[in-house]
Structure formats: structure tokens, C-alpha cells
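Each chain is listed here by its residues.
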Amino acid sequence: MSADEVESEVHFMKTYRIIKLDEITNLNNDRKSLNQKVLLGLATREEFLKQIKVELNMLDTCQLKIEQEMKENNTEDINTEILTILSNRINEMYKNMFLLFPVEKTSLSEYIEFCSNNALFITKCSNMLDVLMLKYHSDPEVYITAATYEFDDRNNVESARRYFAEGLKHHANCKNLYVEEFWVEVQHLEKTGGASLPIAIEKYRNLIKRFANDIEFHFILLDRAIKLSAVRELQCNVVRDMIKKYRHSELMWQKLAKIHFDGFIYDQETEQLHYDKNYINGIRNCIKTYENGLKENLPLENKHKLWTFYIDHIIEIRKSYRMKKETIRNFMNETMERAFQEAHENKALCKAEYYIYWTENTNKDCHWIMKESVKVIKDSVDLWYNLISYYLNNDSLEMGMEAFQAGVGALTNKSMPLWEILISYMANTHPKLLQQLYQEGSKYPCPEVNCVIRPEYLEWNVLHNGILSTRELFNKLKDVKPECKQLYKCMISFELTQNSGITKLSFIRKLHNILCNSFGDTDIDVWADCIRFEYMYGSRRYVRAIFEASLTAVNPDLISSMTAEFEKLKEEFKDYDRKDLGVIVIEDDE
């Protein structure tokens with residue numbers, strides 16, 4: 001900076017009390033220090049960014065002060081030279097940083113934003129980009145950022161094209177560079193009212209040749225092309241090529257159906273594309289496209305995928321706001337019935353949720369759909385559950401039992417929901433059959449089932465047959481493998497809550513002992529329950545021994561938790577008098 005500029009800056013800072021005199025001195029010292037480091041080759045990117053942030057804050061402060069003075073004094077006669085001085089200093093700092101260090105997208109974006117916001121005070125931003133874009137940048141986004149700025153903010157398509165070309169010299173396989181270059185040409189085609197069509201078409205042709213057989217890339221180009229309305233001929237070329245090249249791909253038919261749904265209607269006979277604002281026409285053409293695709297000679301796996309796309313889209317449309325009119329509702333209802341029926345017949349209705357949706361939305365026989373669904377998808381809990389529920393809701397126990405047996409056979413360890421629904425139904429309608437069902441479930445050779453049903457069976461039995469029968473049943477159920485923690489807990493609970501007020505001490509102690517031996521390595525609660533039992537009903541002289549046994553049994557990572565739990569129990573029972581329980585404790589004869 002010249003001496004006059006320094007003097008002018010200091011004068012402005014003092015006049016309007018932007019910062020204090022000593023702060024001005026420190027600021028200038030920091031500037032000199034950075035300049036010196038630059039000359040010596042010692043400056044870092046971080047130091048540049050830090051100083052640039054300080055200068056930007058200063059610029060903002062001065063701009064706000066100038067605006068405030070103009071408003072308060074109702075005048076525009078205020079010297080704004082300070083803004084030019086600060087802006088050019090910041091521009092110079094960015095320039096030096098970019099020339100000394102690799103350019104990062106974030107810093108370049110910030111610089112471009114700075115240039116855009118201060119265009120009245122600096123004129124060298126675009127010149128700076130020209131210099132930068134001639135250098136190699138490891139991040140292709142740097143070229144995209146610069147080119148996009150030139151096109152969007154400066155309306156300079158030639159510079160944008162030049163920057164893209166430079167980027168592609170170094171990043172010839174970067175798809176994003178090609179896509180953004182194509183997008184600029186699409187936008188330019190819109191701006192010129194189609195005048196630049198030959199250039200856009202040439203760019204497009206080169207791209208599909210370079211990325212031949214890359215259907216996803218073709219879709220990206222199509223998405224960009226259909227964003228604007230006045231580039232119809234380009235759009236038509238992209239769609240026409242997509243259909244011809246990828247006609248045997250289920251992805252192409254899905255994409256074509258989607259753009260038809262959005263109103264871009266392509267007539268395959270005339271090979272022309274037009275936009276239809278009537279969303280009902282879009283839906284009809286979308287459905288027609290899927291059905292045309294399914295008539296193509298696609299490999300079976302690909303055809304099944306297209307069925308999935310089709311069914312998903314039908315469900316999406318039927319759930320959308322577009323279903324307000326009765327005509328489209330009727331059309332989609334007919335479409336749904338036809339599509340789901342045909343997909344089922346072609347063994348392409350491959351998700352349980354599809355059959356559930358069909359069942360819930362059909363106007364036809366949902367019972368038939370339910371029966372067919374479990375033939376196709378045998379391992380779906382929901383489908384079996386729905387079928388059994390249907391029979392039970394219609395009091396058809398025989399059919400329900402038949403479906404239950406088939407469902408349990410198909411689901412095995414996932415069948416617990418089927419047991420639950422049948423148990424619930426029988427409890428309310430056929431209590432005499434319930435015990436037989438409990439017996440079957442308690443012996444079923446899957447722990448996911450029998451470990452749930454055994455405690456339930458025990459609880460049902462104590463309510464209906466009393467404690468003596470329950471003790472006999474427990475002795476049978478405990479021998480079923482694997483051991484069931486909840487079964488023992490339930491039996492302990494029943495013994496402790498007898499109306500007689502008598503509890504069998506050694507039998508309960510034995511149950512606690514089995515729980516601790518079987519599950520105590522990973523569960524400190526069984527040890528705590530055992531200790532609590534001795535405090536309340538047994539003998540305190542056993543408490544310490546049980547605790548010490550727990551420390552040798554539990555996994556090492558649980559020792560501290562077990563110790564803490566024991567301290568809590570000692571505190572809980574230090575003043576405890578079990579006489580208040582009103583329970584008579586007797587020893588077993590065993």
C-alpha cells in the first residue's frame with residue numbers, strides 16, 4: 001500500500017472510532033509480519049486465512065459505519081476510499097495465498113463470494129481466476145467452482161468453457177466435471193433461445209460416446225436436460241438415445257416411466273417429446289410405460305425387478321395427493337388390481353408388504369390373497385399372522401388351527417406371534433383347549449417359543465389349578481431344555497405369595513441356587529434376588545457367603561457392579577425386621 005493509502009485508512013479509523021489507536025498499531029504490525037514471512041517463504045496458509053478473516057471483519061465494520069453515517073446525516077457525501085483500500089488488500093492477500101499454496105474449493109468459493117460482494121471496489125477477480133485456472137489443481141471441484149461463477153455471475157460462457165477444458169485436461173475421467181460442463185451448455189441453450197444447440201448437441205454426443213453403456217450417467221444428463229423448458233430438441237435427443245440404447249434394461253423403463261409421471265411425454269412413434277401439465281395424463285403414461293416395458297423380452301430376473309419398480313410406483317401414486325379426483329382413483333384402483341394379480345401370476349410379487357397392501361386395498365376376495373401370499377412367501381410372520389387372524393376373527397377355529405400348524409412349521413423359531421394370537425383367542429373362546437396348546441408350546445423344540453410359553457403356562461396353571469398342581473407342572477417344565485430363567489422366577493414368586501402365608505424355605509432357596517448357578521455369570525440380578533430372599537425370609541448368616549460366591553462366578557467386568565449392589569442391599573436391610581411380613585417360614589421335608 002502507498003503511504004497515502006495508509007494515512008487515509010488510519011484517518012478513517014480514528015475519525016469514526018472503528019478501533020483504538022493501539023489496535024491500529026497492532027493490526028499494521030500483523031500485516032507487516034505476514035508480508036515479511038511471505039518474502040522469507042515462511043508464511044502458512046493458516047496465517048493467510050487468519051489475516052484475511054481479520055481484514056474481512058474490518059471491511060464489514062467500515063461498510064456498516066458508512067451506511068450508518070449516511071442514514072443519520074441524510075447524506076451520501078462520505079469518503080468511501082477505505083472500502084477500496086481494504087478490498088484491494090484482501091484481494092491481494094487471496095492472490096498471494098492462491099499462488100503460494102494449492103487452491104482449495106472452500107477458499108476459492110469464499111474468494112468468489114468476496115469478489116461478488118465487493119465488485120464496485122475491485123476489478124481483478126476474473127483476471128485472477130484466469131491465472132489460477134491455468135494451474136493444476138488436484139481437486140476438480142476448483143475448476144467447477146470457477147467456471148460456475150463465470151457463467152452464473154459474470155454471464156461469461158467462454159471463460160466457463162475454458163475453465164472446464166482446463167480441468168478436463170487434468171481430470172479426464174471426472175464425471176462431475178463433464179456433467180457440470182453439460183449443465184452450463186443446457187443453461188446457455190436456454191438463454192440463447194436454442195441458438196447454441198449445435199454446441200450443446202456436440203457436447204452431449206461426445207459424452208455418451210465417452211461413457212458408453214453407462215446408463216446411470218445417461219440418466220444424470222437427462223435429469224439436467226429436462227430441468228429447463230426451452231431446450232426441447234436436446235431433451236428429445238437424450239430420451240431417444242436412452243430408449244434405443246437401453247431398451248433391454250429395466251432401469252431404463254423405470255426412468256422413462258418417471259419422466260412421464262413428471263409430465264415429459266415421449267411419443268415413440270413420432271420420436272418427439274412434449275410437456276403435458278395435466279398430471280392425470282402423466283400418471284396414465286407412466287403406467288403405460290411400465291406395462292410396455294414388461295412386454296419386452298427382458299431376462300426373468302430383470303423383469304422381476306421391473307415388476308418391483310412398477311408395484312412400488314403404484315403404491316406411491318395411490319398414497320399421493322394426486323388421488324383427489326374420483327376418475328384417477330378409479331383408474332389407479334383398476335391398475336392396482338390388474339398389476340398385483342399379474343405380478344402374482346408371474347411370481348414377481350416378492351415382498352410380504354405387497355401382499356399386505358393388496359389385502360388392505362382390494363375390492364375383491366382378500367381371503368384368497370392371504371392364502372396365496374403364504375404359498376409364495378412362506379417365512380413372513382406378518383402374512384401368517386394376518387391369515388390366522390382372519391380365520392379367528394371369523395370364528396373359524398378349524399381353519400385357523402390348520403393355518404397355525406402350517407405357519408409354525410414354516411416359521412419355526414420365528415413363530416411366537418402365531419402362538420400368542422392363538423393363545424389369546426382360546427383364552428376367551430375355548431379355555432378347555434388352551435391347556436393342550438400350552439403343553440404343545442412348552443415342549444416346542446425352539447427356545448424362542450418354549451422359553452416364553454413355559455412361564456405363561458405356569459402362571460395360567462396357578463390361577464386355574466392352584467399351587468399343588470403348579471408344583472407338579474413346574475417339575476415337568478424345568479426339565480425342558482434349555483433352562484428358562486423366567487420359569488424359576490415365576491415359581492419363586494408363586495411360592496412367596498401363597499394365601500396360606502406359608503412359604504417353603506429350602507425349596508425356594510434351591511430355586512435361587514439353580515438360578516445363580518445357571519445364569520449368575522452374566523446376571524447380577526439373580527444374585528441380588530437370592531441375597532434379598534435370605535434377608536427377608538432365610539438366614540442372614542448366608543448373605544456374606546452368597547456374595548463371595550457371586551464374586552467368583554460373575555464375569556470380571558461385573559464384579560464392581562456386584563459389589564455396589566451388595567452395598568446397597570446391606571444398607572436397605574440394615575434395620576429390616578421380617579416379622580412385619582406376617583409370613584410363616586417352614587423348612588421342607590426334603
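About the criteria used
Residues numbered from 1 in each chain as written. Predicted model: local features only at pLDDT ≥ 70, side-chain atom pairs only at ≥ 80, totals over all residues. Heavy atoms only, no water. Helix = DSSP H or I, 4+ residues; strand = E, 2+ residues; numbered from the N terminus. Pairing = 2+ DSSP bridges. Patch = residues over 30% accessible without salt bridge, like charges linked within 9 Å, V, L, I, M, F, W, Y side chains within 5 Å. Areas by Shrake-Rupley, 256 points an atom, 1.4 Å probe, with all protein chains shown as cover. Salt bridge = Lys/Arg side-chain N within 4 Å of Asp/Glu carboxyl O. Buried < 20%, exposed > 50% of the residue type's maximum accessible area, 1.4 Å probe, protein only. Disulfide = S-S within 2.5 Å. Phe/Tyr/Trp six-rings, centres within 6.5 Å; stacked < 30°, edge-to-face > 60°. Lys NZ or Arg CZ within 6 Å of the ring centre and 35° of its normal. Domains from an automatic or database assignment. Expected span 1.5 Å × (residues − 1). Contact = heavy atoms within 4.5 Å. Polar contact = N/O pair within 3.5 Å; in protein donor to acceptor, adjacent residues only side chain to side chain. Axes fitted to C-alpha atoms, helices over the stretch in contact; angles between N-to-C directions. Parallel < 35°, antiparallel > 145°, perpendicular 65-115°, else oblique. Left-handed = near helix turned anticlockwise from the far one by under 90°. Nonpolar A, V, L, I, M, F, W, Y, C, P; charged D, E, K, R; others polar.

(A) Up close: unusual backbone geometry. Residue Pro482 is reached from Lys481 by a cis peptide bond, and omega for that bond is -5°. For Pro482, the position within the fold is in the loop between helix H23 (447–477) and helix H24 (485–496). Phi is positive for Asn155, which is not a glycine, with a value near 55°. Looking at the secondary structure, you find Asn155 in the loop between helix H7 (140–152) and helix H8 (157–170). At Lys347, a residue that is not glycine, the phi angle is positive and equals roughly 55°.

(B) Quick look at the pairing of strand S1 (residues 264–267). Sheet topology note: the S1/strand S2 (residues 272–275) ladder contains four bridges and is antiparallel. In the sheet register, Ile265 faces S2, and the bridge partner there is His274. Hairpin connection between S1 and S2: a loop of four residues separates the two successive antiparallel strands, and Glu271 in this loop has a positive phi of roughly 55°.

(C) Summary view of a nonpolar patch on the surface. Nonpolar side chains collect at one region of the surface, where Leu39, Leu40 and Leu42 lie side by side and expose about 380 Å² of accessible area between them. Since its relative accessible area comes to 55%, Leu42 is described here as exposed.

(D) Examining the state of the cysteines more closely. Evaluation of the coordinates by the stated rule reveals zero disulfides. Cysteine Cys516 shares no disulfide, and the gap to the nearest cysteine sulfur, in Cys530, comes to 4.3 Å.

(E) Region of interest: the packing of aromatic side chains. On inspection of all chains with the given rule, the structure shows 27 aromatic pairs. On the basis of an interplanar angle of 10° and a centroid distance of 4.7 Å, the ring pair of Tyr535 and Phe573 is categorised as stacked. Pair noted here: Tyr535 is in helix H26 (residues 524–536) and Phe573 is in the loop between helix H28 (559–572) and strand S4 (584–586), with a separation of 38 residues, a long-range link. Side by side, Tyr535 and Phe573 carry an identical accessibility label, which is buried. An aromatic cluster is defined as three or more aromatic residues linked by ring pairs; in this entry it consists of Phe340, Tyr355, Tyr357, Trp358 and Trp368. The aromatic ring of Phe151 is capped on one face by Lys191, whose charged end is 4.1 Å from the ring centroid.

(F) View of the environment of Val131. As for its position among the elements, Val131 is in helix H6 (residues 125–132). A relative accessible area of 43% places Val131 in the partly exposed class. Counting along the chain gives 421 residues from Val131 to Thr552, while the straight-line C-alpha distance between them is 75 Å.

(G) Spatial organisation of the domain arrangement of the chain. Per the domain assignment, the segments making up the chain are domain 1 (1–123) and domain 2 (509–589). Computed from C-alpha atoms alone, the centre-to-centre distance between domain 1 and domain 2 is 75 Å.

(H) How the structure looks around helix H1 (residues 3–15). Between the first and last C-alpha of H1 there are 18 Å, a value that for 13 residues agrees with the 18 Å anticipated at 1.5 Å per step. Burial in H1 covers these residues: Ser8, Glu9, Val10, Phe12 and Met13. Considering only its buried residues, H1 is in contact with helix H2 (21–40), helix H3 (45–73) and helix H4 (81–100). Arg17 sits one or two positions beyond H1 and adopts a positive phi of about 50°.

(I) Summary view of the pattern of salt bridges. Tallied over the entire structure, the rule returns 33 salt bridges. Among the salt bridges present, the one from Asp529 reaches Arg532, with a minimum N-O distance of 3.5 Å. Of this pair, Asp529 and Arg532 both sit in helix H26, three residues apart, which is roughly one turn of that helix. You can call Asp529 partly exposed: its relative accessible area is 29%. Among the charged side chains, a salt-bridge network with shared partners connects Glu9, Arg31, Glu55 and Arg89.

(J) Highlighting the side chain of Asn450. Assignment of secondary structure puts Asn450 in helix H23. A distance of 2.8 Å separates a polar side-chain atom of Asn450 from the backbone oxygen of Tyr444. Contacts of Asn450, omitting those with residues within four sequence positions, involve Gly441, Ser442, Tyr444, Pro445, Pro455, Val480, Lys481 and Pro482.

(K) Molecular detail of the packing of helix H11 (residues 215–225) against helix H12 (residues 232–245). The contact between H11 and H12 brings their axes to 9 Å, and the two run at 155°. Judged by the inter-axis angle, H11 sits roughly antiparallel to H12. As H11 runs across H12, the sense of the crossing is left-handed. Judged by residue contacts, His218, Phe219, Leu221, Leu222 and Ala225 of H11 engage Gln235, Val238, Val239, Asp241 and Met242 from H12. Classifying every residue of the contact of H11 with H12 gives seven nonpolar, two polar and one charged.

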